[in-house]
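Each chain, letter by letter, is given below.
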Amino acid sequence: MNAITQTSPTAIVAYLVLFATIGILFVFGCLLLGKFFRPRTPTALKLETYECGEPSVGPGTVQFDLRFYVVALLFLIFEVEVALFFPTATIFGAATKARREAAQTAVSTAAPTATLVVDKRDERTAISPESARTLALVSMIDLGAFFAVLLVGFAFIWRRGDLNWVRAVRHPATSAEANAAALRLRQDGFPT
Amino acid sequence: MNFNELLQDVVQKDTLASLRAVQPELTLCATIIAILLAKILIPAWKQSPFHLTVIGLATAMFVGFPWHGSAAAAVSTLAQPIFTASLVSDSFTTVVRFFLLTFAMLFAAFAEISTDGEDDRTEFYVLILGALVGMCLMISANHVLIVLLGVEMASVPCYVLAGLKRRQSKSSEAALKYAVFGAGAAGVMMFGLSLLAGGLGTAHLPAMAANLAKMIQGGISPQQITILSLGGLMVMVGVGFKLSAVPFHFWAPDVFEGATAEVAAFLSVASKAAALGLLMRLCSAFAFPADMYFHSPIGELLPQASLIAALAPVRQYIVAIVAVLAAVTCTFGNLAAYGQTNMKRLLAYSTIAHAGYMMMPVAAAVALIRVGSDGVSVDGARDAVASLVTYISIYLFMNLAAFAIVAFLRNATGSEEIADYAGLVRRSPGLTVCMAIVMFSLVGLPPLAGFQAKWVMFYSLIEAAHVCPALWALLSVGLLNTILSLFYYLRVVRVMALSPEPLYREAPTIPLTSMVGMYCGLLTAPMLLLFFALDRVLPWAHAAASTLF
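Residues numbered from 1 in each chain as written. Chains lettered and ligands numbered in written order. Predicted model: local features only at pLDDT ≥ 70, side-chain atom pairs only at ≥ 80, totals over all residues.

Student: Just to check I follow, could you spell out the overall build of chain B for this structure?
Tutor: Assigned secondary structure in chain B consists of 22 helices and four strands. Relative to the compact-globule value of 24 Å for 549 residues, chain B shows a C-alpha radius of gyration of 23 Å, a close match. Projected onto its principal axes, the C-alpha coordinates of chain B cover approximately 75 × 60 × 45 Å. Here chain B holds 549 residues, and the buried ones make up 56% of them. Long-range contacts, defined as pairs at least 24 residues apart, comprise 82% of the intrachain contacts of chain B with a sequence gap of at least 6. (Helix = DSSP H or I, 4+ residues; strand = E, 2+ residues; numbered from the N terminus. Rg over C-alpha atoms; globule rule 2.2 N^0.38 Å. Buried ≥ 20, exposed ≤ 12 C-beta atoms within 10 Å, placed from the backbone. Contact = placed C-beta atoms within 7 Å.)

Have a look at this one:
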């Protein structure tokens, strides 16, 4: 098989299908193999949900608290934000480095119009200190605007109380109500 | 051009000019931030941020006003690719954006009148403004990524808006259905766009068309045709979802029923207008990639006329898809509206049917690009686009008025069933007359604006049918549907005017002199005014069309 047929779209798809098939078969093959070897003792204890002895509480299809989703969503936003920071930060770092190096070259050779040639073979990729400065400045402004807008949203949800694990009730509880609640909790065995 | 010059060009020329061109969008963003900041900094401020919204929208309308003075002069200075040609700011953007902002202004007033003292006002206005920014991106998209970004930015706030009534299970159900359907459609659209971008070697829409033209001239293989046409179909899935075109309309009736009438009005008008703008953009990019949509002139790549001549099969493909979708959407929407007992579901199907009508001029515009021995003729295509823009401008008032009356009647009677509207003419004659005018206008009967909208649209379709005979079928479908739609629209009017009042319902008295009545009157007046003063809208519409083709 020569190199051209190996990189044709059909060949690529065929490889993909091959890998997927082997991967799927591997899982079921292992399960099947285990079925032949493992002992089969269907006692009542063995069929428990948690074989280790932990008693199961309630059905498995419980409804998760909505607050978990809110936290997950917020986490997602800030995670994506960090991912978006990286390219800008890389450019900022590269630009400031290029500028510093260009400045040093200018000092050492005393040539005020020195330019830093990143790639010696190609004049088109040369970057001047002014360009490096512009690049760093623009990336900083970009990042600042992006982050500022995001922070406004963050401050809003904070103010709105979405970050409170225990949501504030609309009417603050009176001290009598709070005491009653604390008493109830203590009776239920919660440390207060 | 070396790196330094490129950087200086992007930072100093392109970005500054671009920021100037997107002032209305920036104003909307600033308004959103101002509303949020106001809520953060002034916790005691319990009122709805209606005033801030109105100030923001008014500023956006002012800075984005299509032109000061003569139309022709403004158009020539307006057309420019911005943000390194990922967006395009031309008269189509400006005019459609102005319509969207006008609608948003009327809509904000409607939302403020019909709902009072609810907690979620801040979120409501912020989401509305956010969706508006996305819609502005949709109508000015010139790049695959912006198409996707615009569609998502316009859709995601709408999912939340649909579920704003958290205590009602129907509202939550609507939001979930909408979100799931939207995610699926966006996924398919993304797949299609990646197929197109991969197959054509670029993600810049007009450059994609130029590459496609080169491929067609150099002989295109059947595999490439398969991939590209598949990509085109998949993109139409995404656009069809936004347009609620059949067969991607399933979300519309459920979402309209579950969401409040206010949100339904927003989805029915703004979302649809933006989707039509996007469809028009995509069609124009692939059917007629004009020089001005490139960052640098494409003359060096290929002479304009031969490029457009080479794209003839692409135009046939676009016309076929859009025409078939339009015919099916229109017919299905009208037929399904018959069985509805809920007013919002009826209006949802009416919206679907109107999406079908509004896709017809798109097909006509693409069909009307003629390449002869004496060059390219686009006059007919411009007329067709102008008819679409006219339709959008009239539809804006019609549908907002319909939903506004539904919302006001809901506030008064607590019901959105058509049967509960019985005999309203006795207690609220003014409102009933408004509703009747709106319904007649939706059918397209003279002397109302809906007639003018349909007239210019069908006229451009007749012009197109002379070029492409298959469009006679589309024209007849459109005319037949207009007659079909007569019956279910008039059923509403009949129930309101002729049926006896039900005993269990206290008939609400909504006089025309009340705030609500005056608002309805304000929205209904354009139905009559625009019929006689259509020549006030037509220059705008023609200016909008003049840069697209």
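Student: Looking at this structure, I do not really get the overall build of chain A. What am I missing?
Tutor: The secondary structure content of chain A amounts to five helices and zero strands. N-terminal to C-terminal, the α/β element order of chain A is α-α-α-α-α. When contacts within chain A are restricted to residue pairs at least 6 apart in sequence, those whose partners lie at least 24 apart make up 49%.

Student: What exactly am I supposed to notice about the interface of chain B and chain A here?
Tutor: Interfaces are often sized by the amount of accessible area the parts lose when they come together. Taken together, the contact pairs eleven residues of chain B with 16 residues of chain A. Every element with two or more residues in the side of chain B that touches chain A is listed here: α1 (3-21) and α2 (23-41) of chain B. Of the residues forming the side of chain B that touches chain A, the biggest block, five residues, is contributed by α2(B). Looking at side-chain class alone, the side of chain B that touches chain A contains eight nonpolar, two polar and one charged residues. (Nonpolar A, V, L, I, M, F, W, Y, C, P; charged D, E, K, R; others polar.)

Student: When you look at the packing of helix α15 (residues 343-367) of chain B against helix α16 (residues 379-413) of chain B in this model, what are you seeing that I'm missing?
Tutor: Two measures define how a pair of helices packs: the angle their axes make with one another and the distance between the axes. Residue and element names in this part refer to chain B. Packing of α15 against α16 leaves a shortest axis separation of 9 Å and a crossing angle of 170°. Accordingly, the angle class assigned to the pair α15 and α16 is roughly antiparallel. On α16, the residues that touch Met343, Lys344, Leu347, Thr351, His354, Met358, Pro361, Val362, Ala364 and Ala365 of α15 are Ala381, Ala384, Val385, Ser387, Leu388, Tyr391, Tyr395, Asn399, Ala402, Phe403 and Val406. (Axes fitted to C-alpha atoms, helices over the stretch in contact; angles between N-to-C directions. Parallel < 35°, antiparallel > 145°, perpendicular 65-115°, else oblique.)

Student: Looking at this structure, I do not really get unusual backbone geometry. What am I missing?
Tutor: Excluding glycine, most residues fall at negative phi; most peptide bonds, likewise, are trans. Residues and elements named next belong to chain B. Following Val246, the chain continues into Pro247 via a peptide bond in cis, with omega recorded as 5°. Within the element layout of this structure, Pro247 appears in the loop between α10 (222-243) and α11 (251-258). A cis geometry characterises the amide bond from Pro446 onward to Pro447, with omega recorded as 5°. Turning to its location among the elements, Pro447 is positioned in the loop between α18 (429-443) and α19 (449-467). Although it is not a glycine, Thr84 sits at a positive phi angle of roughly 45°. Positionally, Thr84 belongs in the loop between β1 (80-82) and β2 (87-89). Judged by the 16 C-beta atoms lying within 10 Å of it, Thr84 is partly exposed. With phi around 50°, Ser244 is a residue other than glycine that occupies positive phi space. The topology assignment puts Ser244 in the loop between α10 and α11. For Ser244, a count of 29 C-beta atoms within 10 Å gives the class buried.

Student: Explain α15(B) here, please?
Tutor: Structural remark: α-helix, 3.6 residues per turn; residues separated by three or four positions point the same way. Between its first and last C-alpha, α15(B) extends 37 Å over 25 residues, near the 36 Å set by a 1.5 Å rise per residue. With 25 of 25 residues buried, α15(B) is to be regarded as a mostly interior element. (Expected span 1.5 Å × (residues − 1).)

Student: Is there a simple way to explain the packing of helix α14 (residues 312-337) of chain B against α15(B) in this structure?
Tutor: Residue and element names in this part refer to chain B. The interhelical angle for the contact between α14 and α15, taken along N-to-C directions, is 160°, at an axis separation of 7 Å. Here α15 runs roughly antiparallel to α14, going by the angle between their axes. The crossing of α14 and α15 is left-handed. Looking at side-chain class alone, the contact of α14 with α15 contains 21 nonpolar, five polar and one charged residues. (Left-handed = near helix turned anticlockwise from the far one by under 90°.)

Student: Quick question: what am I supposed to make of the nonpolar core here?
Tutor: Soluble globular proteins tend to bury their nonpolar side chains together. If you look at the biggest cluster of nonpolar residues, it comprises 211 residues, and the most contacted ones within it are B:Leu100, B:Ala363, B:Val385, B:Leu400, B:Ala404 and B:Ile405. Tallying contributions element by element places α16(B) first for this core, with 23 residues. When neighbours within four sequence positions are excluded, B:Val385 is seen to be in contact with B:Met280, B:Ala365, B:Ala544, B:Ala545, B:Leu548 and B:Phe549. Of all hydrophobic cores here, the second largest spans six residues; its members include A:Ala95, A:Ala102, A:Ile127 and A:Ala132. (Core = buried A, V, L, I, M, F, W, Y, C linked by C-beta atoms within 7 Å.)

Student: Explain α1(B) here, please?
Tutor: If you check α1(B), its first and last C-alpha atoms are 25 Å apart, about what 19 residues at 1.5 Å a residue would give, namely 27 Å. The largest bend in α1(B) comes to about 35°, at B:Val10. (Bend = angle between axes of the 7 residues up to and from the residue.)

Student: Could you clarify how one ought to interpret the confidence of the model for chain B in this entry?
Tutor: As a note on interpretation, predicted positions should not be read in detail where pLDDT is low. Residue and element names in this part refer to chain B. Scored by pLDDT, chain B comes out at a mean of 88, with 94% of its residues at no less than 70. Of all helices and strands in chain B, the one with the weakest mean pLDDT is helix α4 (residues 71-78) (52), whereas α15 scores best (95). Here the complex is predicted with pTM 0.85, and the ipTM for its interfaces comes to 0.80. (pLDDT = per-residue confidence, 0-100.)

Student: Is there a simple way to think about the environment of B:Ala274 in this case?
Tutor: Residue and element names in this part refer to chain B. Secondary-structure assignment places Ala274 in helix α12 (residues 261-287). Between the C-alpha atom of Ala274 and that of Ile392, which follows or precedes it by 118 residues, the distance is 9.8 Å. Setting aside its immediate chain neighbours within four residues, Ala274 contacts Leu100, Met135, Met138, Ile139 and Ala154.

Student: It is not clear to me how the confidence of the model for chain A should be interpreted in this structure. Could you clarify?
Tutor: Residues and elements named next belong to chain A. Put simply, chain A has an average pLDDT of 76, and 71% of its residues get 70 or more. Every residue in residues 1-5 scores below 50 in pLDDT, and together they form two contacts with partners more than four places removed in sequence or on other chains. Every residue in residues 110-115 scores below 50 in pLDDT, and together they form nine contacts with partners more than four places removed in sequence or on other chains.

Student: Help me out: how do you make sense of the environment of B:Val10 in this one?
Tutor: Residues and elements named next belong to chain B. Here Val10 lies in helix α1. Val10 sits in the partly exposed class, given 15 other C-beta atoms within 10 Å. Once you skip the residues sitting within four places of it in the chain, Val10 turns out to touch Thr15 and Thr84.

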